[in-house]
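Next come the chains, spelled out residue by residue.
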Amino acid sequence: MEELKIRPIEDGTVIDHIPRGQSLNVLRVLGVDTSTRDVVSVAMNVPSDAMGRKDIVKVEDREIGSKEADIIALIAPDATVNVVRDFEVRDKYEVSMPDEIRGVLNCPNPNCITNTREPVETVFDVRDGEIRCDYCGTVLTDEVAEYLG
Ligand code: CTP
Ligand code: ZN
């Protein structure tokens, strides 16, 4: 049904099965902002048999690798990443929670070395569903999107 909402792409990446309301956070993870020149389509609140409603993001002419995709798992644990070439889905994978997240999230502790001695890249460990700063031990308690740069 979503094919009716946004047209198929020739080359690029389709991130499907995003929980409704999370597509803009997925774009933030991918670094898509107003300075981006990529052709990007976003569909929100698309009817889905499995999810009720879902969001979809399509980034043309860019292949999103599994490392980048795994960070999407923080926001959209059931997302599917489809790499499209010549209009065909050539590669499809589920995102999976990374063990470690580098340089994507900001530590909320103002005294953390990552906030005081820039540039120190942030590193968070993911264990038992808990996301903890490798430098100061602060555990992220809010929605992970709150900590995106
Ligand atoms: N898609 C696209 N452009 C293409 C091919 C596919 O935008 N040239 C999109 C489809 O609209 C869909 C996603 O990529 O949102 C996955 O395509 P496909 O595997 O064909 O769909 P499904 O079989 O429905 O996927 P799934 O089983 O993962 O739900
Ligand atoms: Zn910290």
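Let me sum up the structure you'll find in this document. (Residues numbered from 1 in each chain as written. Chains lettered and ligands numbered in written order. Predicted model: local features only at pLDDT ≥ 70, side-chain atom pairs only at ≥ 80, totals over all residues. Heavy atoms only, no water.)

**Examining the coordination of the zinc ion (ligand 2)**
Move 1: At this site the zinc ion (ligand 2) is bound by Cys107 (SG), Cys112 (SG), Cys133 (SG) and Cys136 (SG), with donor distances of 2.3 Å.
Move 2: Coordination geometry of the zinc ion (ligand 2): the four donor atoms subtend angles of 100 to 116 degrees at the metal centre, consistent with an arrangement described as tetrahedral.
Move 3: Linear spacing of the donor residues for the zinc ion (ligand 2) on their chain is C-x4-C-x20-C-x2-C. Of this pair, Cys107 sits in the loop between β6 (100-102) and α3 (113-116) while Cys133 sits in strand β8 (residues 130-133), and the two are 26 residues apart along the sequence. Accessibility assignment for this pair places Cys107 and Cys133 in one class, buried. (Donors = N, O, S within 2.8 Å, 3.2 Å for Na, K, Ca; no water. Tetrahedral: all angles 85-135°; square planar, octahedral: opposite > 155°, others 65-115°. Helix = DSSP H or I, 4+ residues; strand = E, 2+ residues; numbered from the N terminus. Buried < 20%, exposed > 50% of the residue type's maximum accessible area, 1.4 Å probe, protein only.)

**Describing the pairing of strand β7 (residues 123-127)**
When a strand is regular, its side chains alternate between the sheet's two faces.
Move 1: Extensive coverage of β7 is indicated by the burial of four of its five residues.
Move 2: Alignment of β6 against β7, held across three bridges, turns out to be antiparallel. The partner of Ile101 across the bridge, within β7, is Phe124.
Move 3: Of the pairings in the sheet, the one linking β7 to β8 comprises four bridges and is antiparallel in character. Bridge pairing in β8 links Val126 to Ile131.
Move 4: Taking the residues that link successive antiparallel strands as the turn, the β7-β8 hairpin has two residues, and the phi of Asp128 there is positive, at about 50 degrees. (Pairing = 2+ DSSP bridges.)

Just distances and angles here, no functional claims.
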